[in-house]
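Here's the letter readout for the chains.
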Amino acid sequence: MAPLDWQQLFGACVEQAYDAVVITDARIDFPGPSIIYVNPAFEAMTGYSREEVLGRPPRILQGPRTDRTTLDRMRRALETGQFFEGRAVNYRKDGSAFHMEWSVSPVREPQGTITHFIAVQRDITPQVVLENELERRATTDPLTGLFNRLRMEEFLTTELSRLRRYGGEATLLLLDIDHFKAINDRHGHHTGDRVLKELGGLLQSQSREADVLARWGGEEFVLLAPETFAPEGEAMAQKLRETVAGHDFPVLDRVTVSMGLVTLQPGSTITGVMRQADRALYSAKGAGRNRLEHA
């Protein structure tokens with residue numbers, strides 16, 4: 001059997017490659033490059049046969065979730081004859097979305113003229129799903145499904161930076177379930193967990209879209225209300241306190257919370273804000289519980 005020459009070998013390698021390979025002409029203007037070759041891995045990844053895509057632009061894979069910023073960055077790279085790599089959401093023939101990582105390289109004649117583009121593509125959906133799940137676990141409280149302390153600190157950092165740059169105010173509310181230890185001791189930790197989950201859901205349902213809610217730790221929750229001045233923040237907090245006190249919790253007749261409220265201003269720090277909120281909270285506890293104190 002005669003050995004393959006390099007062109008035959010290259011063709012066999014591309015045909016049998018694990019990653020999808022797409023070759024287009026070099027047209028940039030609308031409707032964009034036309035596909036002149038795809039390998040079997042592309043057909044398997046997208047559900048399109050080779051015959052269905054030849055002569056059509058790669059944008060047939062794009063859809064509502066395809067990031068336009070990434071596409072614009074790719075276009076600028078191709079217009080200047082540069083290598084491109086990125087990630088985007090594309091769509092299979094059946095309409096299902098998948099996450100794709102791909103690179104595009106210009107193909108030049110010996111004189112330097114770009115005649116084609118070659119793209120190597122890979123479905124990274126399992127990897128993205130795993131990354132998202134790890135991110136969720138790292139930033140979410142597993143019991144309540146709310147953000148955890150780490151994620152709230154990130155939101156606080158962002159909000160304090162915004163205040164330093166643009167001014168204004170924001171409201172931070174630290175709240176704690178009254179007599180929570182007694183709830184656990186009398187009814188068991190399972191009931192305590194149910195109360196925490198119920199309270200988290202109740203607070204979330206009463207929060208505005210721009211508000212950020214987190215379980216700070218134990219029986220403490222933090223609510224961050226951006227662009228909220230003190231009078232509005234205090235009215236919001238009192239309404240939340242009354243809603244909790246009037247809610248029908250599982251097993252228990254009544255659950256109340258004590259609250260410490262702090263107004264965030266330019267120059268505030270996370271450490272300082274939380275120290276103030278903590279003092280205000282324990283002032284509310286000391287004054288009889290089921291009440292709000294302003295730092």
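Whatever comes next refers back to the structure up there.
Since we're looking at a predicted model, the values are computed, not measured.

The rules we used
- Residues numbered from 1 in each chain as written.
- Predicted model: local features only at pLDDT ≥ 70, side-chain atom pairs only at ≥ 80, totals over all residues.
- Heavy atoms only, no water.
- Core = buried A, V, L, I, M, F, W, Y, C linked by side-chain atoms within 4.5 Å.
- Buried < 20%, exposed > 50% of the residue type's maximum accessible area, 1.4 Å probe, protein only.
- Helix = DSSP H or I, 4+ residues; strand = E, 2+ residues; numbered from the N terminus.
- Contact = heavy atoms within 4.5 Å.
- Salt bridge = Lys/Arg side-chain N within 4 Å of Asp/Glu carboxyl O.
- Pairing = 2+ DSSP bridges.
- 1 Å grid on protein atoms, 1.4 Å probe; cavity = no way out; pocket = protein on both sides within 12 Å on 5 of 7 lines; lining within 4 Å.
- Points joined across faces, edges and corners; volume = space filled by probe spheres on them.
- Nonpolar A, V, L, I, M, F, W, Y, C, P; charged D, E, K, R; others polar.
- Axes fitted to C-alpha atoms, helices over the stretch in contact; angles between N-to-C directions.

J.: How would you sum up the nonpolar core? Please name residues and give values.
T.: Counting residues in hydrophobic clusters, the biggest one holds 26 residues, and the most contacted among them are Leu173, Leu175, Ile177, Leu199, Leu203, Phe221 and Met259. Residue assignment for this core shows that the elements contributing at least two residues are β6 (170-177), α7 (180-187), α8 (189-206), β8 (220-225), α9 (230-245) and β9 (257-264). Tallying contributions element by element places α8 first for this core, with 5 residues. Excluding residues that lie within four positions of it along the chain, Ile177 makes contacts with Ile183, Val195, Leu196, Leu199, Glu219, Phe221, Val255, Thr256, Val257 and Lys285.

J.: Outline the pattern of salt bridges, supporting the account with residue identities and numerical values.
T.: As enumerated under the stated definition, the model contains 21 salt bridges in all. The shortest N-O distance in the salt bridge between Asp178 and Lys285 comes to 3.0 Å. With Asp178 in the loop between β6 and α7 and Lys285 in helix α10 (residues 270-286), this residue pair connects regions lying 107 residues apart in the sequence. The buried category is assigned to Asp178, whose relative accessible area is 3%. For Lys285, a relative accessible area of 12% gives the class buried. Among the salt bridges present, the one from Arg208 reaches Asp211, with a minimum N-O distance of 2.8 Å. One salt-bridge network, in which partners are shared between bridges, spans Asp29, Arg75 and Glu79.

J.: Talk me through the pairing of β9; I want residue IDs and the actual numbers.
T.: Counting buried residues in β9 gives 8 out of 8 residues, a clear majority hidden from the surface. The alternating pattern of β9 places Val257, Met259, Leu261 and Thr263 and Ser258, Gly260, Val262 and Leu264 on opposite faces, both of which are buried. The pairing of β6 with β9 spans 8 bridges and is antiparallel. Paired with Ile177 across the bridge in β9 is Val257. Sheet topology note: the β9/strand β10 (residues 292-294) ladder contains 3 bridges and is parallel.

J.: Report on the layout of surface pockets, specifying residues and quantitative values.
T.: Within this model, the largest pocket holds a volume of roughly 610 Å³. Residue lining of the largest pocket: 28 residues in total, with Pro33, Pro58, Arg59, Gln62 and Met74 positioned closest to the centre. Among the elements of the structure, β1 (20-25), α4 (68-79), β3 (84-91), β4 (97-108) and β5 (114-123) are those that each provide at least two residues to the lining of the largest pocket. Broken down by element, the lining of the largest pocket gets its largest block of residues, 6 residues, from α4. In this model, the second largest pocket occupies a volume close to 260 Å³. Together, 13 residues line the second largest pocket, and His179, Ile183, Arg186, Leu252 and Arg254 are the ones closest to its centre. Partitioned by chemical class, the residues of the lining of the second largest pocket number 5 nonpolar, 3 polar and 5 charged.

J.: Outline the sheet that holds β3, supporting the account with residue identities and numerical values.
T.: Spatially, 5 strands are ordered β2-β1-β5-β4-β3 in an open sheet, and the strand pairing comes out antiparallel. One side of each edge strand has no neighbouring strand; the edge strands of this open sheet are β2 (35-38) and β3. Each adjacent strand pair in this sheet contributes to an overall mean axis angle of 25 degrees, direction not counted. In this sheet, β2 lies alongside β1 in antiparallel orientation, the contact comprising 3 bridges. Each bridged residue has a counterpart across the sheet, and for Val22 the counterpart in β2 is Val38.

Remember, this is a structural readout, not a statement about activity or role.
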